[in-house]
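These are the residues of each chain, in order.
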Amino acid sequence: MEGKGMGVKMEEGRERAHKRRVRYGGTHPRRYSEKYKEHDPDRYGDIVEKVIRKGSTPAGMHLPICVEEILDILQIRPGESGLDATLGYGGHSRRMLERLAGKGHLCALDVDPIELAKTEERLGKLGFGPEILTVIHRNFAQIDQAAAEYGPFDFLLADLGVSSMQLDDPQRGFSYKQEGPLDLRLNPLSGRSAAQRLRELGREEIEGMLRENADEPYAEKIARTIAQAEKRGQAVETTTQLAEAVREALSFLPEKERRDAVKKSCARVFQALRIDVNSEFEALEAFLQKLPQVMAPGGRIAVLTFHSGEDRMVKKSFKELERAGIYREIAKEPVRPSREECARNARARSAKLRWAVKA
């Protein structure tokens, strides 16, 4: 399986070389790489909890969203077989494994080989080994392959949000707020980066992508600015270069409203490009089509979305399959995170949770 064996074994009798931590200016670390205490929650748990209480996500971590609501929907019982289609940091998987109480099995998929290996090790240290947990490097669009060996499933979760570890690490290129390569791939070992995609696309194609994937109101102006930069030989290669292209495109706006508009457009542009690079809508469509076939009769399904386009796709699929008698029951309205959770974790605010039960 990809992503395993990433640790380096030391020669017998050889001492590990001392490595000084990264130094930073001022009283508090600002860069992702400087937040060494947040990266080590086992040793600095008090610091991590303090960051969480402030409503922030510690560096290198991801706070699972709607956990209690998901567990209430899935109604996991010891001895059952389940699937976490998007493992991520493993927060949801950990709670689902606890509900199994050492009996049954959980299969977990993730497309990101870097984070997958870390999460498998983390869950293993908590006592969730291969006898109850199987971790596979695979896109959730391929749930049929997992079900062929470990299904059918009594319960299934798909959390479609990007993990905080990916968003916050500047080397992954997911955020316009920090300098880094414009990558945006969930699997950085496969496919083309966002910078490469922009070089391949023409102005009209970029505009269409921004409209379709993010409903960007300034799609035409932003696409023209990016295309013109490419023609001048100034290819957009980094996160800050793309953010600067958005600022340039929106320079016509009155100064009073420009700052907020640029911030929102940057978020939408990065989202649209990430969806394109990872073929996220295509993967979700394949997942939804295969979903009924991997579930056992009475199997419970929970899908957590963070994008209106994704939520529409899930809602439409669930409704059609309920009318066809394939799903016995579905959520009439999405479940939203509580006000308290949103205050504790700002990234929960756009979440929508839908559920279905196999007939």
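Provided above is the structure to which this section pertains.
Cut-offs and rules
Residues numbered from 1 in each chain as written. Predicted model: local features only at pLDDT ≥ 70, side-chain atom pairs only at ≥ 80, totals over all residues. Heavy atoms only, no water. Helix = DSSP H or I, 4+ residues; strand = E, 2+ residues; numbered from the N terminus. Buried < 20%, exposed > 50% of the residue type's maximum accessible area, 1.4 Å probe, protein only. Contact = heavy atoms within 4.5 Å. Areas by Shrake-Rupley, 256 points an atom, 1.4 Å probe, with all protein chains shown as cover. Polar contact = N/O pair within 3.5 Å; in protein donor to acceptor, adjacent residues only side chain to side chain. Core = buried A, V, L, I, M, F, W, Y, C linked by side-chain atoms within 4.5 Å. Phe/Tyr/Trp six-rings, centres within 6.5 Å; stacked < 30°, edge-to-face > 60°. Lys NZ or Arg CZ within 6 Å of the ring centre and 35° of its normal. Pairing = 2+ DSSP bridges.

1. Topic: the overall build of the protein chain
Phase 1: Helix and strand counts for the protein chain stand at 14 helices and 7 strands.
Phase 2: Taking all 359 residues of the protein chain together, the buried fraction comes to 50%.
Phase 3: Of all intrachain contacts in the protein chain linking residues separated by at least 6 positions in sequence, the fraction that spans at least 24 positions is 70%.
Phase 4: Accessible area of the protein chain: about 18,900 Å², with a carbon and sulfur share of 46%.

2. A few points about the side chain of Arg-354
Phase 1: Note on placement: Arg-354 falls in strand E7 (residues 352–358).
Phase 2: With relative accessibility at 6%, the residue Arg-354 sits in the buried group.
Phase 3: Side chain to side chain, Arg-354 and Asp-311 meet in a polar contact 2.7 Å long.
Phase 4: If sequence neighbours within four positions are ignored, Arg-354 has contacts with Ile-301, Ala-302, Val-303, Asp-311, Val-314, Lys-315, Phe-318, Ala-331, Lys-332, Glu-333 and Pro-334.

3. Some thoughts on the nonpolar core
Phase 1: One finds Leu-182, Leu-242 and Leu-273 to be the most contacted residues of the largest nonpolar core, which totals 34 residues.
Phase 2: Among the secondary structure elements, those contributing two or more residues to this core are helix H7 (194–200), helix H8 (203–214), helix H9 (219–231), helix H10 (239–249) and helix H11 (255–277).
Phase 3: The element that contributes the greatest number of residues to this core is H11, accounting for 8 residues.
Phase 4: Sequence-distant contacts of Leu-273, defined by excluding residues within four places in its chain, comprise Leu-182, Leu-184, Ala-194, Leu-198, Met-209 and Leu-242.
Phase 5: By size, the runner-up hydrophobic cluster in this structure holds 32 residues, among which are Leu-87, Phe-128, Leu-133 and Leu-304.

4. Observations concerning the packing of aromatic side chains
Phase 1: Taken as a whole and assessed by the stated rule, the structure comprises 4 aromatic pairs.
Phase 2: Between Phe-318 and Tyr-327 the ring centres are 5.5 Å apart and the planes differ by 85°, which places this aromatic pair in the edge-to-face class. No difference in accessibility class separates Phe-318 from Tyr-327, as the two residues are buried.
Phase 3: Positioned above the aromatic ring of Tyr-89, the side-chain terminus of Arg-122 is 3.7 Å from the ring centre.
Phase 4: The side chain of Lys-221 reaches across the aromatic face of Phe-252, ending 5.0 Å from its centre.

5. Brief notes about the pairing of strand E1 (residues 81–84)
Phase 1: Covered by surrounding structure in E1 are Ser-81 and Leu-83 together with Gly-82 and Asp-84, the residues of both alternating faces.
Phase 2: Pairing of E1 with strand E2 (residues 105–110), which is carried by 4 bridges, proceeds in the parallel orientation. For Leu-83, the partnering residue across the bridge sits in E2 and is Cys-107.
Phase 3: Where E1 lies against strand E4 (residues 153–159), 3 bridges are found, and the strand directions are parallel. Opposite Gly-82, over in E4, you have Phe-155 as the bridge partner.

6. Section: helix H3 (residues 91–100)
Phase 1: Within the sequence span of H3, burial applies to Gly-91, His-92, Ser-93, Met-96, Leu-97 and Leu-100.
Phase 2: One or two steps after H3, the chain reaches Ala-101, where phi turns positive at roughly 55°.

7. Thoughts on the side chain of Arg-197
Phase 1: Inspection of the secondary structure puts Arg-197 in helix H7.
Phase 2: Given the relative accessible area of 17%, Arg-197 is considered buried.
Phase 3: With sequence-adjacent residues up to four places away left out, Arg-197 is seen in contact with Arg-192, Asp-276 and Val-277.

8. Brief notes about the environment of Arg-185
Phase 1: As for its placement among the helices and strands, Arg-185 is situated in the loop between helix H6 (164–168) and H7.
Phase 2: In sequence terms Arg-185 and Val-277 are 92 residues apart; their C-alpha atoms lie 6.4 Å from each other.
Phase 3: Contact partners of Arg-185, with chain neighbours within four places excluded, come to Arg-172, Phe-174, Ser-190, Gly-191, Arg-192, Ser-193, Val-277 and Asn-278.
Phase 4: Looking at Arg-185, its side chain comes within polar contact range of the main-chain oxygen of Pro-188, at 3.3 Å.

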